[in-house]
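# Descriptive analysis of the structure
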Amino acid sequence: MQERLLKGNIITEEQMFFGTLHIADKRIAHIEKQGDTRPDANWITPGFIDVHTHGIGPYTAVSGEGAKGMATFAPPTGLTGVCPTLAAESPERLLAFVKEVAELAKSPDPNITKIIGIHLEGPFIDYTHRGGMDKRLVRGADLAEARRLLEAADDTLKLMTISPEVDGAELVINLMPRAGVTVSMGHTGCSKEQKDMAVAAGATQVCHLFDTFDGRLVEHGVSKPCLADCVLIDDRLQKEIICDGIHVPQELVMLA
């Protein structure tokens, strides 16, 4: 058995330290701790998994070809798993994208980053909170369209972002988890009651918290809790935040 050794600052689930990673048969056989982290050492981290990305390098997630380009470009970045993400599109383009990426996910190439599934950020998105999405393509939740997408994906649709307040949202949110799809609430100005409805129906995640969310109202000098506040104190929900220093101020990341 051939063993390979990697020395550096190692990140594990519980701690960071300087040490040696022992690799045998392409698997971690042993982790040897040898002291505190060193400022001059390389960092050895678990592979990154990106469940929400519209593009990597020169490639964008608008087709199967674009998704494959993303996965081919990604390995040097440390990304080992990716969900190519498509925003609101016409029913025809959504179906075509899902079919093409599903084929890639079901026939993985060992030399590129693994496409672990598909993320559809829409099209069932609130018009007012659509952000950069095309206003002609966002629409109410259509149960028949959702079923067509699930059939075309053939178990590769893993994440879908939905606005809880759009017409028909509860039915689609209820359908998705039973088909193995995580529902993320996003692009939304929903009320606390609508948020709780979505969670009761099966939503377990929040799409880019603080982005396309309404801020607090102040009445008679008193701040009222906004949707982001209600999300932060709800331990039933996983929170996604864009930590690039542009989309979300550092203070809100620290708050979260």
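What comes next is a walk through the structure. (Residues numbered from 1 in each chain as written. Predicted model: local features only at pLDDT ≥ 70, side-chain atom pairs only at ≥ 80, totals over all residues. Heavy atoms only, no water.)

## A word on the pattern of salt bridges
Within the structure shown, the criterion is met by 10 salt bridges. Across the salt bridge formed by D196 and R236, the nearest N and O atoms sit 3.5 Å from each other. Within this pair, whereas D196 is found in helix α5 (residues 192-201), its partner R236 is found in the loop between α6 (227-232) and β16 (238-239), the two being separated by 40 residues in sequence. The class of D196 is partly exposed, set by a relative accessible area of 23%. What emerges from the salt-bridge pattern is a single network uniting K192, K195, D196, D234 and R236. (Salt bridge = Lys/Arg side-chain N within 4 Å of Asp/Glu carboxyl O. Helix = DSSP H or I, 4+ residues; strand = E, 2+ residues; numbered from the N terminus. Buried < 20%, exposed > 50% of the residue type's maximum accessible area, 1.4 Å probe, protein only.)

## Considerations on the nonpolar core
Formed by 52 residues in total, the largest nonpolar core has its most connected members in L120, F124, L157, M160, I162, I173 and M176. Once residues within four sequence positions are removed from consideration, M160 is found in contact with H119, L120, G122, P123, F124, L149, M176, V181, T182, V183 and S184. (Core = buried A, V, L, I, M, F, W, Y, C linked by side-chain atoms within 4.5 Å. Contact = heavy atoms within 4.5 Å.)

## Brief notes about the packing of helix α2 (residues 91-106) against helix α3 (residues 143-153)
α3 packs onto α2 with a crossing angle of 25° between their chain directions and a minimal axis gap of 8 Å. Classed by the angle they form, the pair α2 and α3 counts as roughly parallel. Crossing angle aside, the handedness with which α2 passes α3 is right-handed. Of α3, the residues touching α2 (which contributes P91, L94, L95, V98, K99, A102 and K106) are E145, R148, L149, A152 and A153. Its residues assigned to classes, the contact of α2 with α3 comprises 8 nonpolar, no polar and 4 charged. (Axes fitted to C-alpha atoms, helices over the stretch in contact; angles between N-to-C directions. Parallel < 35°, antiparallel > 145°, perpendicular 65-115°, else oblique. Left-handed = near helix turned anticlockwise from the far one by under 90°. Nonpolar A, V, L, I, M, F, W, Y, C, P; charged D, E, K, R; others polar.)

## Thoughts on unusual backbone geometry
The omega torsion across G122 and P123 is 10°, close enough to zero to call that bond cis. Relative to the elements of secondary structure, P123 occurs in the loop between β10 (118-121) and α3. Even without being a glycine, D154 presents a positive backbone phi close to 50°. Structurally, the position occupied by D154 is in the loop between α3 and β11 (157-162). Unusually for a residue other than glycine, D155 sits at a positive phi of about 75°. In this structure, D155 sits in the loop between α3 and β11.

## A closer look at the sheet that holds strand β4 (residues 43-44)
Reading across the sheet, the 4 strands line up as β3-β2-β1-β4 and stay open at both edges, with mixed pairing between neighbours. The strands lining the two open edges of the sheet, one partner per strand, are β3 (27-35) and β4. Strand direction decides the pairing type here: strand β2 (residues 16-24) and β3, joined by 7 bridges, are antiparallel. Counterpart to F18 in the pairing with β3 is G35. (Pairing = 2+ DSSP bridges.)

## Some details on the side chain of H208
Mapping H208 onto the fold places it in the loop between β13 (205-206) and β14 (218-219). Side-chain polar atoms of H208 contact the side chain of H187, separated by 3.3 Å. Those residues in contact with H208, other than ones at most four positions away along the chain, are H52, E121, H187, F213, E240 and I242. (Polar contact = N/O pair within 3.5 Å; in protein donor to acceptor, adjacent residues only side chain to side chain.)

## Let's talk about the packing of helix α1 (residues 64-73) against α2
One way to put it is that α1 packs onto α2 with a least axis distance of 8 Å and a crossing angle of 40°. For the element pair α1 / α2, the angle class is oblique. Every residue of α2 that contacts α1 at G64, A67 and K68 is listed here: E100, V101 and L104. Of the residues contributing to the contact of α1 with α2, the split by class is 3 nonpolar, 1 polar and 2 charged.

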